[in-house]
Amino acid sequence: MKFIDSHTHLDHKRFDDNRNAIIEMSHEAGIEYMINPAIDFSSNYTMRECLDPYEFIRYGVGIHPNYLGTDWMTDEERMSGLTELLIKNKSSKRIVAIGETGLDYYRLTRDKNGEPDENGLTKLRRQHYWFRKHLYLACRTKLPLILHIRNADIQIAGGKCRLTEETKTEYVDAHKEAIRILKEFDKKLPSRKKGVIHCFSSKDIEDAFTYIDMGYMLGIGGAITYEGLPELKEIVKQVPLQNIVLETDCPYVFPTGMNRDIAGKRNTPVSIPYIAQKLAEVKGIRLEDVAQITRENALQLFRLD
């Protein structure tokens, strides 16, 4: 069986000791393609130094919402850099997406009046500004989006709440905000297969179907194995497989119950068949169907064939 890992960070420093071995092992395990989006601005360039030799690894161009920094004076230079990368890529197949980009409200806090005080890692205003900048790039290039949308209440990797039960419901809903902003650009983006909601984590099934109706797929990874996320499992049960792609978000989101002998504490694309098996169990379908349909979804989304 062949699979596609729709979200990796193989350029991460945690792979410095044996990156090549992990990549080769993943490819041999049936991972046909791996999509590697940038995190900070510099990684749009540096990830090529270690990943360019592998033709089956493709790139996303962008800046993660937690790595936007605070210096507004550098924004024009950064935007020019991203645009130049995309223009140079016109005749190349290596860049297949814009991202990752989006909204991360996990570290936002509230003031005494209940308003966001923007003391988080990245200010709310900058996140909105750069989210729209990425959407403009997607409109211009017609490339799909890799979207990072994370709410303030639950930490996806551990299921532990950083907020008290009394305050967590008062926080701005990142998914509702993202949907509102995406709708501003809806008619300018491709009519179908606009992108993927990476590491989908909303508890609201309405969000899932709203994204799907707008043309976005749901990225499902190691979180499907976590005991503390029953809402995610229920959503996965109800969402058609034609709207799902597989991912690892490696080296993060290690699946529960998987052998760590190969990778230690790191997640790797080798986890994809295990994630696919768990997804098949949740949906009550064959592993072969999960492999075939999610692979076809990713091929079409990122125009890999």
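Scroll up to find the structure this text is about.
Note that the structure is a prediction, hence the values are computed from the model and not measured.

### Observations regarding the overall build of the chain
Broken down by element type, the chain carries nine helices and eight strands. For the chain, the proportion of its 305 residues judged to be buried stands at 57%. Taking contacts inside the chain between residues at least 6 apart in sequence as the whole, the part at least 24 apart equals 73%. A total accessible area of about 13,800 Å² is found for the chain, and carbon and sulfur atoms account for 49% of it.

### A few points about the side chain of Asn297
Here Asn297 is to be found in helix α9 (residues 287–301). Among the polar contacts made by the side chain of Asn297, one reaches the main-chain carbonyl oxygen of Gln242 at a distance of 3.4 Å. Look past the residues within four positions of Asn297 in its chain and what remains in contact with it is Met217, Leu241, Gln242, Asn243, Ile244 and Val245.

### Considerations on the packing of aromatic side chains
Tallying each qualifying case throughout the model produces six aromatic pairs. Between Phe41 and Tyr45 the ring centres are 5.6 Å apart and the planes differ by 70°, which places this aromatic pair in the edge-to-face class. Accessibility expressed as a relative area gives 18% for Phe41, which makes it buried. We classify Tyr45 as partly exposed; its relative accessible area is 34%. Plain terms: the ring middles of Tyr136 and Phe185 are 5.1 Å apart, the flat faces sit at 80° to each other, and that makes the pair edge-to-face. Residue Tyr136 is located in helix α4 (residues 124–141), and its partner Phe185 is located in the loop between α5 (174–184) and β6 (195–198); the two are separated by 49 residues in the primary sequence. By relative accessible area, which is 48% here, Tyr136 ends up partly exposed. Of the residues examined, Phe185 reaches a relative accessible area of 4% and is grouped as buried. One aromatic cluster in this structure is built from Trp72, Tyr129 and Trp130.

### Structural notes on the pattern of salt bridges
Inspection of every chain in the model, using the stated rule, returns 16 salt bridges. Across the pair Asp17 and Arg266 runs a salt bridge, and its minimum N-O distance is 3.2 Å. With Asp17 in the loop between β1 (3–5) and α1 (19–28) and Arg266 in the loop between β8 (244–246) and α8 (272–283), this residue pair connects regions lying 249 residues apart in the sequence. On the basis of relative accessible area, Arg266 is assigned to the buried category, the value being 9%. For the salt bridge of Glu177 with Arg180, the shortest nitrogen-to-oxygen distance reads 3.2 Å. Note that Glu177 and Arg180 are positioned in helix α5 at a spacing of three residues, about one turn of the helix.

### Observations concerning the pairing of strand β3 (residues 57–61)
Judged by how many residues are buried, β3 sits mostly within the fold: five of five residues are covered. The two faces of β3 match: Ile57, Tyr59 and Val61 on one face and Arg58 and Gly60 on the other face are all buried. Sheet analysis places strand β2 (residues 31–37) next to β3, joined by four bridges and oriented parallel. Its bridge partner being in β3, Ile35 is matched across the sheet by Arg58. In this region the chain leaves β2, passes through helix α2 (residues 43–51) and returns to the parallel neighbour β3; the handedness of that crossover is right-handed. As paired strands, β3 and strand β4 (residues 95–104) are joined by three bridges and run parallel to one another. Note on β4: the bridge partner recorded for Gly60 is Ala97.

### Side note on the environment of Glu55
For Glu55, the position within the fold is in the loop between α2 and β3. As for Glu55 and Lys93, which are separated by 38 residues in sequence, their C-alpha atoms are 9.2 Å apart. Here the side chain of Glu55 touches Arg58 through a polar contact of 2.6 Å, side chain to side chain.

### Brief notes about the environment of Asp249
For Asp249, the location among the structural elements is in the loop between β8 and α8. Residue class for Asp249 comes out buried when judged on its relative accessible area of 8%. Separated by 243 residues in the primary sequence, Asp249 and Ser6 place their C-alpha atoms 8.3 Å from one another. Sequence-distant contacts of Asp249, defined by excluding residues within four places in its chain, comprise His7, His9 and His198.

The rules behind these values
Residues numbered from 1 in each chain as written. Predicted model: local features only at pLDDT ≥ 70, side-chain atom pairs only at ≥ 80, totals over all residues. Heavy atoms only, no water. Helix = DSSP H or I, 4+ residues; strand = E, 2+ residues; numbered from the N terminus. Buried < 20%, exposed > 50% of the residue type's maximum accessible area, 1.4 Å probe, protein only. Contact = heavy atoms within 4.5 Å. Areas by Shrake-Rupley, 256 points an atom, 1.4 Å probe, with all protein chains shown as cover. Polar contact = N/O pair within 3.5 Å; in protein donor to acceptor, adjacent residues only side chain to side chain. Phe/Tyr/Trp six-rings, centres within 6.5 Å; stacked < 30°, edge-to-face > 60°. Salt bridge = Lys/Arg side-chain N within 4 Å of Asp/Glu carboxyl O. Pairing = 2+ DSSP bridges. Right-handed = clockwise from strand over helix to strand, strands pointing away.

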